[in-house]
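An overview of the molecular structure
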Amino acid sequence: MTQDVEMKEQAAPSNSLPSSSPSTLHHLKEIASLIETGAYDREVRRILRAIRLTMALRRKLKESLLSAFLNFALTPGSESHIRLSSYLPKAKACSSASIARLKNMNRRTVDFLAARLYFYYSLCYELTGDLAEIRGNLLALHRIATLRHDELGQETLLNLLLRNYLHYNLYDQAEKLRSKAPRFEAHSNQQFCRYLFYSGKIRTIQLEYTDAKECLLQAARKAPIAALGFRVQCNKWAIIVRLLLGEIPERTVFMQKGMEKALRPYFELTNAVRIGDLELFRSVAEKFSSTFGSDGTHNLIVRLRHNVIRTGLRNVSISYSRISLVDVAKKLRLDSVADAESIVAKAIRDGAIDATLDHANGCMLSKETGDIYSTTEPQMAFNSRIAFCLNMHNEAVRALRFPPNSHKEKESADKRRERQQQEQELAKHIAEEDDDEF
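Predicted model, so just to flag it, every value in this text is computed and none were measured.

1. Digging into the overall build of the protein
The helix and strand tally for the protein stands at 22 helices and three strands. Across the 438 residues of the protein, 39% fall into the buried class. Intrachain contacts of the protein at a sequence separation of at least 6 include 62% that bridge at least 24 residues.

Written as structure tokens, this is what we have:
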């Protein structure tokens, strides 16, 4: 700690820094001191606290400020100072060099820093369009993290690999990796949210809509309030999955704060599916084709055509006890009567409508609608709600964490004050988390 006192006496170059820089530079010095103390005492909680403190400084960092911090932390002219100074305008080269250095370090105090470096390493290559280049390196890093029992690193790298595969629409490879990777223990809420979102996308493409819906809705619920962009993406995919399951999302889903404009195309699409109007569905799909393409949901919307037809057929069967197939084709705006007959026959076979088909007279005969409370549908609805509540309770119990031997050791007043201060800082930073996490 003597080194920190001597370095604080050194005057920082203030000519090239803005007026707000001294406070930011002071925060960076505190973070460096925390990391040094945590590494010296082998206390992971200090490293974690330092990482949380950097969240509020990310948007304030500039090249001149980082240069001043390097002059404070390292001796100007030294090998380390020259090397790091050369990386300042080059994020991609800096991240690659840091990852190469991390491979030779196996310390538990570095695990949290390594997880952040993995994230920015992948982000740099994604922004430059070279994400495929680092796939092999990410797989090697995941293997190293597994051998070193670096659980947070495993979770971070697994999500980065899934994102890498999904970026190039390699869903089969992503599912093989997900199924064979070690069990996800959710040491980080952000990483768990990402894992649920990627799992939901994979299962949606593989037609496992029920599991996909559960993953996507859970990811949207667990995501921080500040992660608006991530929650919007979760809701977009969840809406499509619910429509594919034959459900109609509630209007409140589209009226969430900050999401009205982003979810407007999906609101109009849901309205077309609810009505069962095939012509309106086509017009909405064409109107927002660029939006659906950028969201990666265009192929899923193509699957919705059959659901639109089935919804319209269900409305027709409720409204008419007897209707000709010619009129069915006109109301559903189908191309021919033969298409209408095959669609009606398939809907009857699948149990979507309660009716019979008179091939001789070319008409559909609907049966009387029974009492829904005499069926098992209310029981199934209650069962799903009870299962959701029990699952939430079990996850809350699993998420409880206690320090080892906490029931045996007595906490001193200084340790209690330090713990309370860290808890307050943690709550503050969780509430102020940026969208950069997602």
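Still more to cover.
2. Some points on the sheet that holds strand β3 (residues 363-366)
A sheet is described by the order of its strands in space; here three strands give the open sequence β1-β3-β2, paired in antiparallel fashion. Each of the sheet's edge strands pairs with one partner strand only, and the pair in question is β1 (322-324) and β2 (355-358). For this sheet the average axis-to-axis angle between neighbouring strands, irrespective of direction, equals 20 degrees. Where β1 lies against β3, three bridges are found, and the strand directions are antiparallel. When the bridges of β3 are listed, Ser324 appears paired with Cys363. The strands touched by helix α20 (residues 337-350) are β2 and β3; relative to β2, the strand with the most contacts, the crossing angle is about 145 degrees.

3. A short note on unusual backbone geometry
The phi torsion at Asn169 lies on the positive side, around 60 degrees, for a residue other than glycine. Along the chain, Asn169 turns up in the loop between α9 (151-167) and α10 (171-180). Look at Asn169 and you get exposed, because its relative accessible area is 56%.

4. Here's the deal with the nonpolar core
Among soluble globular proteins, nonpolar side chains are generally buried collectively. Counting residues in each nonpolar core, the largest one holds 82 residues, and the members touching the most others are Leu269, Phe281 and Leu313. By residue number, the principal contributor to this core is helix α13 (residues 228-244), which donates ten residues. Apart from the residues within four sequence positions on either side, Leu269 is in contact with Ile240, Leu243, Phe281, Val284, Phe292, Ile301 and Leu304. Core analysis: the next-biggest nonpolar cluster, separate from the first, contains ten residues, Leu25, Leu65, Ala68 and Phe69 among them.

5. Here's the deal with the environment of Val110
If you trace the backbone, Val110 turns up in the loop between α6 (91-102) and α7 (111-127). Val110 sits 68 residues away from Arg42 along the chain, and the two C-alpha atoms are 9.7 Å apart. The residues contacting Val110, other than those within four sequence positions of it, are Leu102 and Met105.

6. Points about the state of the cysteines
All told, the structure shown has zero disulfides when counted by the stated rule. Between Cys94, a free cysteine, and Cys124, which holds the nearest cysteine sulfur, the sulfur-to-sulfur gap is 8.2 Å. Residue class for Cys94 comes out partly exposed when judged on its relative accessible area of 30%. Here Cys193 stays free of any disulfide, with the sulfur of Cys234 as its closest cysteine sulfur at 7.5 Å. Among the residues examined, Cys193 registers a relative accessible area of 0% and is labelled buried.

7. Looking at the pairing of β3
Looking at chain direction, β2 and β3 are connected through four bridges and run antiparallel. For Ala355, the partnering residue across the bridge sits in β3 and is Ser366. Between β2 and β3, which pair antiparallel one after the other, the connecting turn spans four residues, and Gly362 there sits at a positive phi close to 65 degrees.

8. Things to note about the pattern of salt bridges
Considering all chains together, one arrives at ten salt bridges under this definition. One salt bridge connects Glu126 with Arg163, and the closest N-O pair in it is separated by 3.0 Å. Of this pair, Glu126 sits in helix α7 while Arg163 sits in helix α9, placing them 37 residues apart in sequence. For Glu126, a relative accessible area of 22% corresponds to the partly exposed category. Here Lys213 ties to Glu247 by a salt bridge, and the two come within 3.0 Å at their closest N and O atoms.

9. A closer look at the confidence of the model for the protein
When the pLDDT values of the protein are averaged, the result is 79; 87% of them are 70 or greater. Within the protein, helix α1 (residues 2-9) has the poorest average pLDDT of any element, 40, and α13 the best, 91. Under a pLDDT of 50 for its full length, residues 1-22 has, in the predicted model, 17 contacts with residues more than four places off or in other chains.

Calculation rules
Residues numbered from 1 in each chain as written. Predicted model: local features only at pLDDT ≥ 70, side-chain atom pairs only at ≥ 80, totals over all residues. Heavy atoms only, no water. Helix = DSSP H or I, 4+ residues; strand = E, 2+ residues; numbered from the N terminus. Buried < 20%, exposed > 50% of the residue type's maximum accessible area, 1.4 Å probe, protein only. Contact = heavy atoms within 4.5 Å. Pairing = 2+ DSSP bridges. Axes fitted to C-alpha atoms, helices over the stretch in contact; angles between N-to-C directions. Core = buried A, V, L, I, M, F, W, Y, C linked by side-chain atoms within 4.5 Å. Disulfide = S-S within 2.5 Å. Salt bridge = Lys/Arg side-chain N within 4 Å of Asp/Glu carboxyl O. pLDDT = per-residue confidence, 0-100.

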